[in-house]
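Structural overview
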Amino acid sequence: MKKLLLALMISLASNPLFAQSDSDGFQKIFDGKSLSGWSGDSKYWSVEDGALTGVTDGSLKMNRFITWKASTISNFEIRVKVKVTAAGNSGIQYRGILRPDIGPDIVSGYQCDVLVKNPNYNGMLYEERGRKILSRTGEKVIIDRQGQPWVVAQMPVKEFAPDQWHDYRVLVKGNHYQHWINGHKTADLIDLDEAGRSLKGVLAVQVHVGPAMKIQFKDFYLKQLPENLPLLQAKDHPIPATAYGVRPQGKLPKDWQAPIYGYRNNVPFSKILFDDKDKWEPIAEGYEHTDAACVDEQGNFYFSDVKGGDSVYKVSPEGEISAYATGVERISGMQFGPKGILYACQGGDFKRIVKIDKAGKLTVLAEGIMPNDLVVTHAGWVYVTETSKQKIVAISPEGKVKRFETNAERPNGISLSTDQSVLLVSDHRGEKAYSYQIAKNGDLTYERPHMSLKAAAPLAASRGDGMATDAYGRYYVTSDVGIQVFATNGLSLGLISNPLGKPLNSIVFACSDFKYMYICAKDSIYRRKTKSTGLCFFKAPFIKKVP
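Residues numbered from 1 in each chain as written. Predicted model: local features only at pLDDT ≥ 70, side-chain atom pairs only at ≥ 80, totals over all residues. Heavy atoms only, no water.

1. Describing the packing of aromatic side chains
This model, assessed by the stated rule, comprises 18 aromatic pairs. Relative to Tyr110, the ring of Tyr94 lies with its centre 5.8 Å away and its plane at 15 degrees, an arrangement referred to as stacked. In this pair, Tyr94 is assigned in strand 7 (residues 90-98) and Tyr110 in strand 8 (residues 107-114), connecting sequence segments 16 residues apart. For the pair shown, Tyr94 and Tyr110 are each scored as buried. Arranged with centres 6.2 Å apart and planes meeting at 20 degrees, the rings of Trp381 and Tyr383 form a pair that is stacked. By the burial criterion, Trp381 is buried, and Tyr383 matches it. By the ring-pair criterion, three or more aromatic residues cluster together here, those being Tyr287, Phe301, Phe303, Tyr313 and Tyr518. (Phe/Tyr/Trp six-rings, centres within 6.5 Å; stacked < 30°, edge-to-face > 60°. Helix = DSSP H or I, 4+ residues; strand = E, 2+ residues; numbered from the N terminus. Buried < 20%, exposed > 50% of the residue type's maximum accessible area, 1.4 Å probe, protein only.)

2. Comments concerning the confidence of the model for the protein
Close reading of the predicted structure is inappropriate where its pLDDT is low. Per-residue pLDDT for the protein averages 91, and the proportion of residues at 70 or more is 93%. Below pLDDT 50 for its whole length, residues 1-19 participates in 13 contacts with residues either more than four positions away or in separate chains. (pLDDT = per-residue confidence, 0-100. Contact = heavy atoms within 4.5 Å.)

3. So, the side chain of Asn372
Here Asn372 shows up in the loop between strand 27 (362-367) and strand 28 (373-376). In this structure, Asn372 is in contact with Ser332, Gly333, Cys345, Val384, Thr385, Thr387, Pro411 and Asn412, ignoring residues within four places of it in sequence.

4. Some points on the pairing of strand 42 (residues 524-529)
In terms of burial, strand 42 is a largely internal element, 5 of the 6 residues being buried. Pairing between strand 19 (residues 281-284) and strand 42: 3 bridges, direction antiparallel. Considered in strand 42, the bridge of Glu281 is made with Arg527. (Pairing = 2+ DSSP bridges.)

5. Structural notes on the state of the cysteines
In total, this model carries 0 disulfides according to the counting rule given. The closest cysteine sulfur to the non-disulfide-bonded Cys294 is located on Cys520, 9.4 Å from its own sulfur. The exposure class of Cys294 is buried, given its relative accessible area of 3%. Just so you know, Cys536 is unpaired, no disulfide at all, and the nearest cysteine sulfur is the one on Cys294, 9.8 Å from it. (Disulfide = S-S within 2.5 Å.)

Quick look at the structure:
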């Protein structure tokens, strides 16, 4: 009898349908040797180099899946290494439903997308043959009871290289869904749509229609969690008035703008950002060309008169104007960096980046640069737009200079994401603003058009200029038509019409609580109180929720 029990135990342990658990409760659900325990078409699925491998030749007419046969899943955590080719499109399907009525190996349901060629989709939450895009990458979402997904907060979007192994993680508890890639959160969603959501179903992985592709999974672990976990309730997770609708899948009108939860009748974004009782107020007038808006840790506002002055001016929250530094001409961009040092672009014949200390003393950081604007990271890296040379300059804390090509025709304004992992650059001539991943060594990688800028007329230059980022991850770009506002992922949130009828060229949030928007408008400076909060990049990077 003992021999019989031992033989049975050995048999079960070697069968992938009865995967072994480790001390943390994780089961290895793919043995790395065979497709035992999985159901799918061997035309697409095989084992290669110890990995569950899906391959298509570009002729696939419908997405196909291979499904784990051992059991359905409800609440769980998945950890798996994934590698996909550059043109590949795949996903980790969970709580799914087998659909033989449509065709063999068809599954509907929730999906963690694997799509390295599009960082706004890689790691997002999609519902196959259902509600489609529930949250794009970097969006924290609540789906209301009517099935409309609302973005309530934003997370930085990162890019991940093709043909490399990446660690994907999916955690599902009740109606709360979270995804990560290499420890970076890509999706965080609460599903309050009782009619549309699913709380249990199959686990599968996908090969997708489209170009020829190859997807591989290895070290595939599953941890089943208790099925009776509580569901999150609407009363405990209210959708803020500032939340905006997830962009639907498919082609949309060129003038489409996301609905705002608190104002779902096409009310301008300015109604969200400003209180009607708070008006634009002049702070400084009578200059030739104000520029280089920036702020210090106390909320004091700074600017220059780039064409007609030789001073850096400081404006207190109460509106008192004084000279912070004198004898500094042609300052077109400024920002405070670590230790209270002010960094500035000094153009014209100077062609350099300078540092100004608290005593007003100027030292040269780098020369031979035709600067326009700059941004300084918490780590002390300085990034500069060289508009006339169509380049972005990176200057290390030690003063080492590197130049990077850009597709921006006239790179101009410059800013950072809230976590300082992404650099944003506006284009004064073109119709896009571009984003770049900042590597650990300060290099700029993965350039891509990030935001679409509106122009005053068809084929006209957008005149995208100064940029700012608020604590909620929204980007603000001054332009010919006003101040254009974008979500972290580049989605247009609306336009703040030019309130003054003068060219707008620089913007920052300042004052003691960083809630006042300051704009440089030709010969003047104006400000207006907002319902937002600005960022100081010399402070530690962070991610803040929308209230």
